[in-house]
Number of protein chains: 2
Amino acid sequence: MDTNFDKKNFIEKFKYSCNKVQIKKFLKGETVTTYIEKRNQICIVLDGEVDLIRYDFNGNKTIIGHFIIDDIFGEALYPTNTNNELFAVAKKNSEILFFTYDSLCTKCRRNCDFHKELTSNLSELFLSQIISLNLRIELLTKRNIRGKIQSYFEILSKSTLHRTFTLPFSYTDLADFLSVDRCAMMREIKSLVDDGFIKKNGNKITLLY
Amino acid sequence: MDTNFDKKNFIEKFKYSCNKVQIKKFLKGETVTTYIEKRNQICIVLDGEVDLIRYDFNGNKTIIGHFIIDDIFGEALYPTNTNNELFAVAKKNSEILFFTYDSLCTKCRRNCDFHKELTSNLSELFLSQIISLNLRIELLTKRNIRGKIQSYFEILSKSTLHRTFTLPFSYTDLADFLSVDRCAMMREIKSLVDDGFIKKNGNKITLLY
DNA sequence: AAAAAACTGTTGCAAAAGCAACATAAATGA
DNA sequence: TCATTTATGTTGCTTTTGCAACAGTTTTTT
């Protein structure tokens, strides 16, 4: 995170102080929520991992979002004019906090102190979500697979401060994240190795340039 | 916008009440700001249009963001670990409001009323930015050009409530927005016309299904 | 009003990417 | 522990895409 806001601490406080908030647990594979009703729902991952999955009219499945602890997602953050069916599915056993944006705003206008703090902290959560969305767009706008992979690896290298790092995704999930065919991606990674740009050992990558 | 927050009104108020804020005018083609220093800057478009342009190490230019009136952009919203040079360039004569996220937060803790309101409204601005970023990701994650175009046209149709609509972009800019080669996109649009999916008249499109 | 710049439309060709179909390895769970 | 599922790695083939190179329009600028 760029800011020095204590997200964890805020969520802890939020979790126990607010009656507009629900916390539920989900087993791996269970559907956390769908984006088809219009409930203005916002969700925060307290524990576990959640994938946001799109099924288009052909039945093709794409993972369009992947959320880990402290990430924020939900219908309220999503455009309403798309006609896909979106499902948020627990990728691991997870604990999710739910509230609605509406309830948040009405409360605030009644001058409740806690909600004032919440709103201001919410903007921090939103900001960190914007940054991660911009990161993804940065990668998705690269015109070829090699560009996407290289940019992603460079970002990992910069953020870990090492030329060698472990991928936080499986290769299957990475392909989804970059929105490319997994086989084509593997082929391209192999060619990066062959061309001497990187070294690969399982899910450990070393940049050689 | 999904929420009923009056963005325009808020920005008007903000613009004249706050000494931490700067407003500058730019002529078409001028550089509004760069994303290379780390100033935690946030910008709001009061008037005009701004493109966010990436020059990668090969000198290739990509428009990775396009901002119109009331849109919010700036370094503070962008990941720090990428190593591109980003330039925000006025696409038309523009009026831009600048402030830093830091100044905003410190002010708030000093209990300035205006800044309290600002912070809470800022989350609305952030939210609407998240929604538009998610929209773009929705399009970028489609695996081929046809899918991107069709989804985009469907969204336009839904949001205008008409089967016929005028593109808000030039075709050149649309190709940039979808991050595909312009010629390949034109070819694909032509094939959508030939296959009877759409009708095209200049920058007016009609969905036929 | 003429010149320059930007946008549209088109095509052939080469390169890249997706798809299908595997074999193998690793992880999960009954 | 054994079976089942999930992930990795690979390859041939086909389709899609990007690139280059145009000509013709429209818009902007001088």
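Whatever comes next refers back to the structure up there.
Residues numbered from 1 in each chain as written. Chains lettered and ligands numbered in written order. Predicted model: local features only at pLDDT ≥ 70, side-chain atom pairs only at ≥ 80, totals over all residues. Heavy atoms only, no water.

Draft legend 1. Geometry of the overall build of chain A. A count of helical and extended segments in chain A gives six helices and eleven strands. Counting all 209 residues of chain A, 57% fall into the buried class. Accessible surface for chain A amounts to roughly 9,900 Å². Of this, 48% is attributable to carbon and sulfur atoms. (Helix = DSSP H or I, 4+ residues; strand = E, 2+ residues; numbered from the N terminus. Buried < 20%, exposed > 50% of the residue type's maximum accessible area, 1.4 Å probe, protein only. Areas by Shrake-Rupley, 256 points an atom, 1.4 Å probe, with all protein chains shown as cover.)

Draft legend 2. Spatial organisation of the packing of helix α4 (residues 145-160) of chain A against helix α6 (residues 182-194) of chain A. All names here are of chain A. Between α4 and α6, the shortest axis-to-axis distance is 10 Å and the interhelical angle comes to 70 degrees. In this view, α4 runs roughly perpendicular relative to α6, as classed from their interaxial angle. The way α4 lies across α6 gives a crossing that is right-handed. Residues I145, R146, I149 and Q150 of α4 pack against A184, M185, E188, I189, S191 and L192 of α6. In terms of residue class, the contact of α4 with α6 is built from six nonpolar, two polar and two charged. (Axes fitted to C-alpha atoms, helices over the stretch in contact; angles between N-to-C directions. Parallel < 35°, antiparallel > 145°, perpendicular 65-115°, else oblique. Left-handed = near helix turned anticlockwise from the far one by under 90°. Contact = heavy atoms within 4.5 Å. Nonpolar A, V, L, I, M, F, W, Y, C, P; charged D, E, K, R; others polar.)

Draft legend 3. Spotlight on the protein's contact with DNA strand C. Around DNA strand C, 17 residues are found, and the nearest of them are A:N144, A:I145, A:R187, B:K190 and B:K200. Sugar plus phosphate: this is where 51% of the atoms of DNA strand C within 4 Å of the protein reside. Within the contact set of DNA strand C, a phosphate oxygen lies 3.2 Å away from a backbone nitrogen or oxygen of B:Y171. B:K200 places a side-chain nitrogen or oxygen 2.9 Å from a phosphate oxygen of DNA strand C. Those elements that place two or more of their residues in the surface near DNA strand C are α6 of chain A together with α5 (171-178) and α6 (182-194) of chain B. It is α6(B) that provides the largest number of residues to the surface near DNA strand C, a total of five residues. When the residues that make up the surface near DNA strand C are grouped by side-chain class, the tally is seven nonpolar, three polar and seven charged. (Near = heavy atom within 4 Å. Polar contact = N/O pair within 3.5 Å; in protein donor to acceptor, adjacent residues only side chain to side chain.)

Draft legend 4. Spotlight on α4(A). Residues and elements named next belong to chain A. If you check α4, its first and last C-alpha atoms are 22 Å apart, about what 16 residues at 1.5 Å a residue would give, namely 22 Å. In terms of burial, α4 is largely enclosed, as 13 of its 16 residues are buried. Among the residues trailing α4, L161 stands out with phi positive, at a value near 65 degrees. (Expected span 1.5 Å × (residues − 1).)

Draft legend 5. The arrangement of the pattern of salt bridges in detail. This model, assessed by the stated rule, comprises 16 salt bridges over all chains. The residue A:R143 makes a salt bridge to B:D176 at a minimum N-O spacing of 3.5 Å. Of this pair, A:R143 sits in the loop between α3 (113-140) and α4 while B:D176 sits in helix α5, placing the two residues on different chains. For A:R143, a relative accessible area of 44% translates into the label partly exposed. Three or more residues are tied together by salt bridges with common partners; here these are A:D51, A:K91 and A:D173. (Salt bridge = Lys/Arg side-chain N within 4 Å of Asp/Glu carboxyl O.)

Draft legend 6. Here's a closer look at the interface of chain B and chain A. Listed as interface residues are 44 residues of chain B and, on the opposing side, 44 residues of chain A. Buried area between chain B and chain A, summed over both chains or domains, comes out near 4,500 Å², and the portion from carbon and sulfur atoms is 57%. Counting the surface chain B buries against chain A, the share from its top three residues, B:N81, B:E138 and B:R143, is 13%. Of the charged contacts in the structure, one is a salt bridge between A:R54 and B:E138, with a shortest N-O distance of 3.4 Å. The interface formed by chain B and chain A contains 16 residue pairs in polar contact (both at pLDDT 80 or more). Breaking the side of chain B that touches chain A down by element, the ones donating at least two residues are β5 (61-67), α2 (101-109), α3 (113-140), α4 (145-160) and α5 of chain B. For the side of chain B that touches chain A, the leading source of residues is α3(B), giving 16 residues. Looking at the side of chain B that touches chain A residue by residue, the class counts come to 18 nonpolar, 15 polar and eleven charged. (Buried area = accessible area lost by both parts, 1.4 Å probe.)

Draft legend 7. Structural detail: unusual backbone geometry. All names here are of chain B. Positive phi, normally seen in glycine, also occurs at L161, with a value near 65 degrees. Tracing the backbone through its elements, the reader meets L161 in the loop between α4 and β9 (164-166). We note that S179 has phi near 60 degrees; this positive angle belongs to a residue other than glycine. By secondary structure assignment, the location of S179 is in the loop between α5 and α6.

Draft legend 8. View of the packing of aromatic side chains. Residue and element names in this part refer to chain A. As enumerated under the stated definition, the model contains 18 aromatic pairs over all chains in all. For the pair F26 and F98, a centre-to-centre distance of 6.2 Å together with 65 degrees between the ring planes defines the contact as edge-to-face. Taken together, the positions of F26 in strand β1 (residues 22-26) and F98 in strand β8 (residues 94-100) put the pair 72 residues apart, joining distant regions of the chain. As far as burial versus exposure is concerned, F26 and F98 are alike and both buried. (Phe/Tyr/Trp six-rings, centres within 6.5 Å; stacked < 30°, edge-to-face > 60°.)

Draft legend 9. Main features of the sheet that holds strand β2 (residues 31-34) of chain B. Residues and elements named next belong to chain B. Reading across from one edge, β2-β7-β4-β5 is the order of the four strands in this open sheet, with antiparallel pairing throughout. One side of each edge strand has no neighbouring strand; the edge strands of this open sheet are β2 and β5. Each neighbouring strand pair of the sheet contributes to a mean axis angle of 25 degrees, computed without reference to strand direction. When strand β4 (residues 50-55) meets strand β7 (residues 85-90), the two strands line up antiparallel, connected through six bridges. Across the sheet, residue I53 finds its bridge partner in β7, namely F87. (Pairing = 2+ DSSP bridges.)

Draft legend 10. Representation of the protein's contact with DNA strand D in the model. Close to DNA strand D lie 17 residues; A:T172, A:M186, B:N144, B:I145 and B:R187 are nearest. Here, DNA strand D places atoms within 4 Å of the protein, and 51% of those atoms are sugar or phosphate. Contact between DNA strand D and A:R182: a base nitrogen at 3.0 Å from a side-chain N or O atom of the residue. Taking B:D181, its main chain carries an N or O atom lying 2.9 Å from a phosphate oxygen of DNA strand D.

Functional significance is not addressed by these values, which are geometric in nature.
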